[in-house]
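# Breakdown of the fold
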Amino acid sequence: MTIPAQSDGATLTKDAAPGETLLKVTGLKKHFPIRKGLLQRQVGAVRAVDGLDFEVRAGETLGVVGESGCGKSTMGRLITRLLEPTEGTVEFEGKDITHLGVSGMRPLRRDVQMIFQDPYSSLNPRHTIGTIVGAPFRLQGVTPEGGIKKEVQRLLSVVGLNPEHYNRYPHEFSGGQRQRIGIARALALNPKLVVADEPVSALDVSIQAQVVNLLDDLQQELGLTYVIIAHDLSVVRHVSDRIAVMYLGKIVELADRDSLYKAPMHPYTKALMSAVPIPDPKRKNAKSERILLKGDVPSPIAPPSGCRFHTRCWKATEICRTTEPQLLELKPGQRVACHHPENFEDQAPQDTVLLSDAKEAAKLVADEVLAESAETSAAVAAEVEAEAEASGAPAATEEPSEASGDSEDTEAPAAEETPASAEEESAEETAEETPSDEPSGEADSEEPAGEAPSDEPDGGEAPSKEPAPEKPAAADRQESTDK
């Protein structure tokens, strides 16, 4: 792509060499006031962005990920100065552009452009595509070689659209084509920094791949610098050199791509990485190690004290609730804001008691993850040991009870069999007595008065004497079993 001709009087900053700092953000904040009442007095504020510190080097791609509502889009609009910051500074190529007005930002607009999230609302439905893509040239007073129409048609072909679409309106295009039109408009003046706010979130998977590959090709061809905001972690991994993880208006971890995906240090980053599906058929039946976070993201109107993730973290201790962690470089090229980081030594080993919220959050975490966290957190290790002891004590106490239960079970059938056998014996004896009573009635008269010894096995009166003591015993056993 040829660099368009510059008009006389245009002031441009010196190009930053690859690897040098192109954009520097320090303490950036944006609070949206909440006003109520007849006099519209401010009663609170939405802390959309609450203190960001990072740098973007020339020629690299910085990916920004996080849950919805964490302030990613607001950060992008602050960088491009579409919103006025509440506090902090934004430096572009060494020049402070934090509070520049419209006239002061106009020369810099050709160097800083933005691709908006919604391709449907970012294009004026009353303008043709030629008018939309050619607007930056007219606003900046730039006349490219061959005229604006020729340059716009060339830009359309660069992003994969037909140059004949010059006179069409936005409603005649699909979502992916509209996003390509937005990319063409952003690249019209050959900018140095492009902030892409979820450029592929509203597109189909096939169109996503085309747009992502298009951004890569343009970066290699034109040497662009990207700040890409996205939800899809696989897309961010594909296009980014470094990744910043945001949570509730703050950056909790900033690291290069390989370090972040191989060994995430912040618990929130680890939970995000566990949600990325792995397309491996061999892992179909493997146990899922997905980390489920407890509850929803707290409100940015009243964020939690200390570490903002401590209400959902399974490693949170008292210091997490009282002291806000700073974004420190614990490993080369990897910065994290956490008192109890993963895959690194504990920064607060003196705290060995988990918060109640942490104990509830740990119930949703797999045992393998807790075992890994116990290696770098004394509080998690103590909790795991306590749970192991607690689970082991009942098991030890239950063993004898189970053994006694087994003995009772073994004795119970024997006890039940005794009255049953006694009843059977008594039934057999009565059956024997019945035929003896039919032929002669003398046996009945002799039974109560008989004093023959019970040792005689063949005596005629022995069967009639045994039921007398055994019947009450059988009845007593039956009553005891009934009771």
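Residues numbered from 1 in each chain as written. Predicted model: local features only at pLDDT ≥ 70, side-chain atom pairs only at ≥ 80, totals over all residues. Heavy atoms only, no water.

## What to know about the layout of surface pockets
Estimated volume of the second largest pocket: approximately 510 Å³. Lining the second largest pocket are 21 residues, and of these Leu 82, Arg 109, Gln 113, Pro 136 and Leu 139 sit closest to its centre. When residues in the lining of the second largest pocket are grouped by element, the largest group, 5 residues, is from helix H3 (residues 129–140). Along the lines of polarity and charge, the residues of the lining of the second largest pocket split into 13 nonpolar, 4 polar and 4 charged. (1 Å grid on protein atoms, 1.4 Å probe; cavity = no way out; pocket = protein on both sides within 12 Å on 5 of 7 lines; lining within 4 Å. Points joined across faces, edges and corners; volume = space filled by probe spheres on them. Helix = DSSP H or I, 4+ residues; strand = E, 2+ residues; numbered from the N terminus. Nonpolar A, V, L, I, M, F, W, Y, C, P; charged D, E, K, R; others polar.)

## A closer look at the state of the cysteines
With the rule as written, the count across this model stands at 0 disulfides. Not part of a disulfide, Cys 320 finds its nearest cysteine sulfur in Cys 307, a span of 5.9 Å. For Cys 320, a relative accessible area of 6% puts it in the buried group. (Disulfide = S-S within 2.5 Å. Buried < 20%, exposed > 50% of the residue type's maximum accessible area, 1.4 Å probe, protein only.)

## Some words on empty space enclosed by the protein
As enumerated under the stated definition, the model contains 3 cavities of 30 Å³ or more in all. What the largest cavity holds in volume is close to 70 Å³. Every residue along the wall of the largest cavity is listed here: His 266, Pro 267, Cys 307, Phe 309, His 310, Cys 313, Lys 315, Ala 316, Cys 320, Cys 338, His 339 and His 340. Of the residues assigned to the lining of the largest cavity, the class counts are 7 nonpolar, 4 polar and 1 charged. One number sums up the size of the second largest cavity: a volume of about 50 Å³.

## Focus on unusual backbone geometry
Non-glycine residue Arg 81 carries a positive phi angle of around 65°. Structurally, Arg 81 can be placed in the loop between helix H1 (72–79) and strand S4 (87–92). Owing to a relative accessible area of 9%, Arg 81 belongs among the buried residues under this scheme. For Leu 248, which is not glycine, the phi dihedral falls at a positive 55°.

## Thoughts on the environment of Thr 61
With respect to the helices, strands and loops of the structure, Thr 61 is situated in strand S3 (residues 61–65). Residue Thr 61 is classed as buried on the basis of its relative accessible area, which comes to 0%. When the C-alpha positions of Thr 61 and Val 227 are compared, they lie 5.8 Å apart, and in sequence the two are 166 residues distant. For Thr 61, the side chain forms a polar contact with the side chain of Gln 219, separated by 2.8 Å. (Polar contact = N/O pair within 3.5 Å; in protein donor to acceptor, adjacent residues only side chain to side chain.)

## Brief notes about the sheet that holds S3
Taken in spatial order, the 8 strands line up as S6-S7-S8-S3-S9-S10-S12-S11 in an open sheet, and their pairing is mixed. Two strands close off the open sheet at either side, each with one partner strand: strand S6 (112–115) and strand S11 (328–331). For this sheet the average axis-to-axis angle between neighbouring strands, irrespective of direction, equals 20°. Where strand S9 (residues 242–247) and strand S10 (residues 250–256) come together, 6 bridges link them in antiparallel fashion. (Pairing = 2+ DSSP bridges. Axes fitted to C-alpha atoms, helices over the stretch in contact; angles between N-to-C directions.)

## Some points on the sheet that holds strand S2 (residues 41–57)
Strand pairing within a sheet occurs via backbone hydrogen bonds; the two strands may be parallel or antiparallel. Spatially, the 4 strands line up as an open sheet ordered S2-S1-S4-S5, and their pairing is antiparallel. In this open sheet, the two strands that pair with only one neighbour each are S2 and strand S5 (95–96). Note: strand S1 (residues 21–36) against S4, 5 bridges, orientation antiparallel. The residue bridging Lys 24 from the neighbouring strand is Glu 91, located in S4. Packing of H1 onto the sheet brings it into contact with S1, S2 and S4, and relative to S2 it is tilted by some 70°. (Contact = heavy atoms within 4.5 Å.)

## Examining the pattern of salt bridges
Counted according to the given criterion, the structure contains 15 salt bridges. Ionic pairing is found between Glu 60 and Arg 57, a salt bridge with its closest N-O pair at 3.7 Å. Look at Glu 60 and you get buried, because its relative accessible area is 7%. Measuring nitrogen to oxygen at the nearest pair gives 3.3 Å for the salt bridge that ties Lys 270 to Glu 342. With Lys 270 in helix H9 (residues 267–274) and Glu 342 in the loop between strand S12 (334–336) and helix H11 (356–362), this pair connects stretches of sequence that are 72 residues apart. (Salt bridge = Lys/Arg side-chain N within 4 Å of Asp/Glu carboxyl O.)

## A word on the pairing of S6
Where burial is concerned, the two faces of S6 agree: the one with Val 112 and Met 114 and the one with Gln 113 and Ile 115 are both buried. Both S6 and strand S7 (residues 193–197) contribute to a ladder of 4 bridges, which runs parallel. Across the sheet, residue Met 114 finds its bridge partner in S7, namely Val 195.

## Observations concerning a negative patch on the surface
On the surface, a cluster of negative charge is contributed by Glu 289, Asp 367, Glu 368 and Glu 387. As for its position among the elements, Glu 387 is in helix H13 (residues 378–437). Assessed through its relative accessible area of 44%, Glu 387 is described here as partly exposed. (Patch = residues over 30% accessible without salt bridge, like charges linked within 9 Å, V, L, I, M, F, W, Y side chains within 5 Å. Areas by Shrake-Rupley, 256 points an atom, 1.4 Å probe, with all protein chains shown as cover. Lys, Arg positive; Asp, Glu negative; His and termini not counted. Charge placed at Lys NZ, Arg CZ, Asp CG, Glu CD.)

## Looking at the nonpolar core
Ranked by size, the top nonpolar core spans 36 residues in total, and within it Val 133, Ile 183 and Leu 218 carry the most contacts. Put simply, the parts of the chain that give this core at least two residues each are H3, helix H4 (148–158), helix H5 (175–186), S7, helix H6 (205–222), strand S8 (225–229) and helix H7 (233–239). The dominant element in this core, judged by the number of residues it contributes, is H6, at 6 residues. Those residues in contact with Val 133 that lie beyond four places of it in its chain are Val 152, Leu 155, Leu 156, Ile 181, Ala 184, Arg 185 and Ala 188. (Core = buried A, V, L, I, M, F, W, Y, C linked by side-chain atoms within 4.5 Å.)

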